[in-house]
Amino acid sequence: MGTGGPRRGEGPPDGGWGWAVLGACFVVTGFAYGFPKAVSVFFRALMRDFGAGYSDAAWVSSIMLAMLYGTGPVSSVLVARFGCRPVMLVGGLLASAGMVLASFARRLLELYLTAGVLTGEGRGGTGSPAARAPVLRFPARSCPPSAAPAGPARRRLLDVAVCADRAFAVYAVTKFLMALGLFVPAILLVNYAKDAGVPDADAAFLLSIVGFVDIVARPACGALAGLARLRPHVADLFSLALLANGLTDLSSARARSYGALVAFCVAFGLSYGMVGALQFEVLMAAVGAPRFPSALGLVLLIEAVAVLIGPPSAGHLVDALKSYEVIFYLAGSEVVLAGLFMAVATNCCLRRAQDAPPRPGTEGGASDSEDAEAEGDSEPLPTPEPGVPEALELLSPGAGPSEPEVEAEPEPEPGLDPESV
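Rules and cut-offs
- Residues numbered from 1 in each chain as written.
- Predicted model: local features only at pLDDT ≥ 70, side-chain atom pairs only at ≥ 80, totals over all residues.
- Heavy atoms only, no water.
- Axes fitted to C-alpha atoms, helices over the stretch in contact; angles between N-to-C directions.
- Helix = DSSP H or I, 4+ residues; strand = E, 2+ residues; numbered from the N terminus.
- Parallel < 35°, antiparallel > 145°, perpendicular 65-115°, else oblique.
- Left-handed = near helix turned anticlockwise from the far one by under 90°.
- Contact = heavy atoms within 4.5 Å.
- Nonpolar A, V, L, I, M, F, W, Y, C, P; charged D, E, K, R; others polar.
- Phe/Tyr/Trp six-rings, centres within 6.5 Å; stacked < 30°, edge-to-face > 60°.
- Buried < 20%, exposed > 50% of the residue type's maximum accessible area, 1.4 Å probe, protein only.
- Salt bridge = Lys/Arg side-chain N within 4 Å of Asp/Glu carboxyl O.
- Expected span 1.5 Å × (residues − 1).
- Bend = angle between axes of the 7 residues up to and from the residue.
- Core = buried A, V, L, I, M, F, W, Y, C linked by side-chain atoms within 4.5 Å.

> Tell me what's going on with the packing of helix α8 (residues 184-195) against helix α12 (residues 292-321), and back it up with residues and numbers.
Where α8 meets α12, the axes come as close as 9 Å, and the angle between the chain directions of the two elements is 40 degrees. With respect to α12, the axis of α8 lies oblique. Crossing of α8 over α12 shows right-handed handedness. Between α8 and α12, the contacting residues are Val184, Ile187 and Leu188 on the first element and Gly310, Pro311, Ala314 and Val318 on the second. Residues belonging to the contact of α8 with α12 are distributed by class as follows: six nonpolar, one polar and no charged.

> Account for the packing of aromatic side chains, with residues named and values stated.
Tallied over the full model, the rule gives six aromatic pairs. When the centroid spacing of 5.6 Å and the interplanar angle of 75 degrees are considered together, the rings of Phe264 and Phe328 count as edge-to-face. Of the two residues, Phe264 is situated in helix α11 (residues 258-287) and Phe328 in helix α13 (residues 325-355); the sequence distance between them amounts to 64 residues. The pair Phe264 / Phe328 is uniform in exposure class, with both members buried. Joined through ring pairs, the aromatic side chains of Phe183, Tyr192, Phe264, Phe268, Tyr272 and Phe328 make up one cluster.

> Can you lay out the environment of Pro290 for me, pointing to particular residues and giving the numbers?
Looking at where Pro290 falls in the secondary structure, it is placed in the loop between α11 and α12. Each C-alpha atom, one on Pro290 and one on Asp159, is 9.8 Å from the other, the two residues being 131 residues apart in sequence.

> Describe the pattern of salt bridges, listing the residues and the values that go with them.
For side chains bearing opposite charge, pairing can occur when the charged atoms are close. Evaluated as defined, the whole model comprises seven salt bridges. The partner of Glu281 in a salt bridge is Arg231, with the nearest N and O atoms 3.1 Å apart. Of this pair, Glu281 sits in helix α11 while Arg231 sits in the loop between α9 (200-225) and α10 (234-251), and the two are 50 residues apart along the sequence. Assessed through its relative accessible area of 28%, Glu281 is described here as partly exposed. Taking relative accessible area as the criterion, Arg231 reaches 27% and is therefore assigned partly exposed. Between Arg254 and Glu325 there is a salt bridge whose closest N-O contact spans 3.2 Å. Taken together, the residues span a long stretch of sequence, with Arg254 in the loop between α10 and α11 and Glu325 in helix α13 at a distance of 71 residues.

> A description of α11 should follow, citing residues and the corresponding values.
Taking 1.5 Å as the rise per residue, α11 with 30 residues should run 44 Å; its terminal C-alpha atoms sit 43 Å apart, in good agreement. Maximal helix bending in α11 amounts to about 30 degrees, located at Leu278. Following α11 by one or two positions, Gly288 has its phi on the positive side, about 90 degrees.

> I'd like a description of the side chain of Thr248, backed by residues and values.
Note on placement: Thr248 falls in helix α10. Under the relative-accessibility criterion, Thr248 is labelled buried at 11%. Here Thr248 is in contact with Phe264, Ala267, Phe268 and Ser271, once residues within four sequence places are set aside.

> Outline the nonpolar core, listing residues and values.
If you look at the biggest cluster of nonpolar residues, it comprises 91 residues, and the most contacted ones within it are Tyr69, Leu111, Phe168, Phe183, Leu188, Phe238 and Leu283. A per-element tally of this core places α11 first, with 12 residues. Excluding residues that lie within four positions of it along the chain, Leu111 makes contacts with Leu46, Phe50, Val60, Ala102, Ala105 and Gly116.

> Which residues make up the environment of Ala130, and what values do they have?
Here Ala130 lies in helix α6 (residues 108-137). The class for Ala130 is buried, based on a relative accessible area of 4%. Between the C-alpha atom of Ala130 and that of Leu22, which follows or precedes it by 108 residues, the distance is 8.4 Å. Contact partners of Ala130, with chain neighbours within four places excluded, come to Cys25, Val28, Thr29 and Met88.

Structure representation (structure tokens):
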């Protein structure tokens with residue numbers, strides 16, 4: 001065959017069905033991550049029917065979100081073993097079964113186990129594969145391509161060694177701080193509006209405004225981050241999105257009129273969509289494509305702990321203080337702190353370490369985890385550079401056994417008999 005002909009494997013992904021997969025993942029992701037917030041529309045009814053407070057009702061969304069994120073590592077392992085399609089199918093069936101059983105609940109505990117645990121676990125089985133499937137279908141449109149690991153590394157299902165990477169550690173801390181406050185305003189927004197005198201239908205429509213703006217913001221921000229000039233600065237864009245979201249919460253703490261609440265929803269949906277569009281891009285750039293599934297699962301597990309703390313704690317404050325104002329201040333401060341930490345750590349720690357000259361024996365300033373993995377690999381002894389003293393060559397750590405060197409005899413000084421010396 002000539003070299004100019006089409007090569008095998010070229011063409012649209014999945015024979016042209018890759019875009020259908022992307023659309024399906026978009027719908028799955030919307031239901032998986034949007035439904036726990038939509039449950040807040042029924043908080044008032046739950047509080048009335050079960051005689052509960054805000055914190056008790058908030059546990060439904062919190063458990064659902066915690067299971068959604070907490071099943072990330074398990075979902076990553078299952079995806080690596082069986083693929084995205086069967087895991088998403090089983091997850092969808094579990095989520096549906098949980099909601100059907102929740103309709104028969106007579107106690108809050110039953111609601112926690114069905115709508116919270118079972119449905120959240122099912123949605124966790126669909127959310128993680130939905131985030132990974134487009135990466136597999138569109139490898140040319142992901143972060144720089146890298147070769148798949150060969151040998152035993154290819155059979156590794158969950159690579160916990162990624163935790164030793166400094167870039168991953170910075171991202172994980174940022175996501176934990178972010179998850180403490182990011183979802184709180186969206187979960188309590190409808191009840192906040194109802195307490196301000198907004199009719200029930202108009203209060204529920206506020207979540208729709210957030211969703212509509214989010215739908216527009218995510219692809220627009222994703223396209224913006226894909227530009228050649230901005231792609232190297234995706235971490236900075238992520239920090240700006242977090243700062244914008246937190247400042248929106250802080251500035252809207254006293255919003256009581258419907259017009260002010262609509263303005264808050266527009267600004268919140270815009271910044272929330274930016275965060276959602278950039279979070280996976282930042283993680284991919286931090287750890288690379290081969291370790292992305294494991295890193296995603298571990299990050300979702302960290303987020304699960306945060307979302308299990310955030311909304312119920314906010315509900316306790318509402319019950320105790322009878323005011324939503326402190327909730328917006330607290331949630332906004334946590335998200336702003338996440339953005340500041342990401343910006344400072346990225347620019348002052350990670351980039352400074354990348355710009356530093358590499359240590360002897362490393363190339364291109366490899367990351368900590370890569371250095372740890374390379375310690376056990378046997379490498380040929382590097383050729384010493386000109387001008388390096390012979391004493392350093394003898395102390396080279398990679399030097400193998402060699403024949404003992406015979407110490408050269410000193411030359412006799414002029415005028416002395418060689419035999420006497």
